[in-house]
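Tertiary structure, described
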Amino acid sequence: MPIDPTLPYDRDNIFAKILRGEIPCSKVYEDDFAMAFHDIAPQAPVHVLVVPKGDYVSWDDFSAHAPDALIAGFVRAVGHVARELGLVEPGYRLLANIGVHGGQEVPHLHVHLFGGQPLGRMIVAR
Ligand code: AMP
């Protein structure tokens, strides 16, 4: 069920619990600013989620309110993970779902990183 990204941050969301180590994940990277782990229901041969370490619901919330160091660290972490996974040369796709029209289900900002095969159209044709 897509979430309302204008609601206050919910500290009990599933990615908050993963960041606190309360539930397991298949981690691929972590630094002071971000954590990356495999999506539990992959939609491509490589499907990794990168989440910033901070209480931000969506890209809107993060871009408006996060400190510059966290924004820079998160963006660098996404690039680092893509390089570490060998995705730069073949190419890959980043995606962030925001709110109802975006189909966002987890109310903690995350970027999907897809790769490992040609990914087709950006949006399914109607
Ligand atoms: P979104 O629609 O952008 O909010 O996508 C949420 C993503 O989180 C989906 O692709 C889910 O498969 C993924 N997901 C949900 N729970 C977990 C979990 N415990 N570990 C890893 N990925 C998860």
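This text goes with the structure placed above it.
What you are looking at is a predicted structure, and each value in this text was computed from that prediction instead of being measured.

Now for the sheet that holds strand S1 (residues 27-30). The strand order S1-S2-S3-S5-S4 describes an open sheet built from five strands, whose pairing is antiparallel. Every other strand in the sheet has two partners, leaving S1 and strand S4 (92-95) as the edge strands with one partner each. Ignoring which end each strand starts from, the neighbouring axes of this sheet average 20 degrees apart. Note that S4 and strand S5 (residues 111-115) share four bridges and pair antiparallel. Its bridge partner lying in S5, Tyr-92 is registered against Gly-115. Across the sheet, helix H3 (residues 68-84) lies against S1, strand S2 (34-38), strand S3 (46-52), S4 and S5, angled at about 160 degrees from S3, the strand it touches most.

We now examine the site of the ligand. Around the ligand lies a shell of 16 residues, among which Asp-39, Asn-97, Glu-105, His-110 and His-112 are the nearest. Between an oxygen atom of the ligand and a side-chain N or O atom of Asp-39, the distance comes to 2.6 Å. In the model, an oxygen atom of the ligand is placed 2.7 Å from a nitrogen or oxygen of the His-110 side chain. Protein chains shield 85% of the accessible area of the ligand, which is 510 Å² for the free molecule. Of all the secondary structure elements, the ones that give two or more residues to the shell around the ligand are helix H1 (14-19) and S2.

Of all five residues in S2, four are buried; the element is thus mostly enclosed. Across three bridges, the pairing between S1 and S2 is antiparallel. Looking at S2, one finds that Glu-30 is bridged to Met-35. Between S1 and S2, which pair antiparallel in sequence order, lie three residues. Sheet topology note: the S2/S3 ladder contains five bridges and is antiparallel. Looking at the pairing, His-38 lines up with Val-48 of S3.

For the rest of this paragraph, the subject is the nonpolar core. Core analysis: the biggest nonpolar cluster contains 18 residues, and Val-48, Val-50, Phe-62, Phe-74 and Leu-113 have the highest contact counts within it. Going through the elements one at a time, S2, S3, H3 and S5 are the ones with two or more residues in this core. The element contributing the most residues to this core is H3, with six residues. Beyond its immediate sequence surroundings of up to four residues, Phe-62 is in contact with Pro-52, Tyr-56, Leu-70, Ile-71, Phe-74 and Leu-109. Counting seven residues, the second largest nonpolar core, distinct from the first, contains Phe-15, Ile-18, Met-35 and Leu-49.

Cut-offs and rules
Residues numbered from 1 in each chain as written. Predicted model: local features only at pLDDT ≥ 70, side-chain atom pairs only at ≥ 80, totals over all residues. Heavy atoms only, no water. Pairing = 2+ DSSP bridges. Helix = DSSP H or I, 4+ residues; strand = E, 2+ residues; numbered from the N terminus. Axes fitted to C-alpha atoms, helices over the stretch in contact; angles between N-to-C directions. Contact = heavy atoms within 4.5 Å. Near = heavy atom within 4 Å. Polar contact = N/O pair within 3.5 Å; in protein donor to acceptor, adjacent residues only side chain to side chain. Areas by Shrake-Rupley, 256 points an atom, 1.4 Å probe, with all protein chains shown as cover. Buried < 20%, exposed > 50% of the residue type's maximum accessible area, 1.4 Å probe, protein only. Core = buried A, V, L, I, M, F, W, Y, C linked by side-chain atoms within 4.5 Å.

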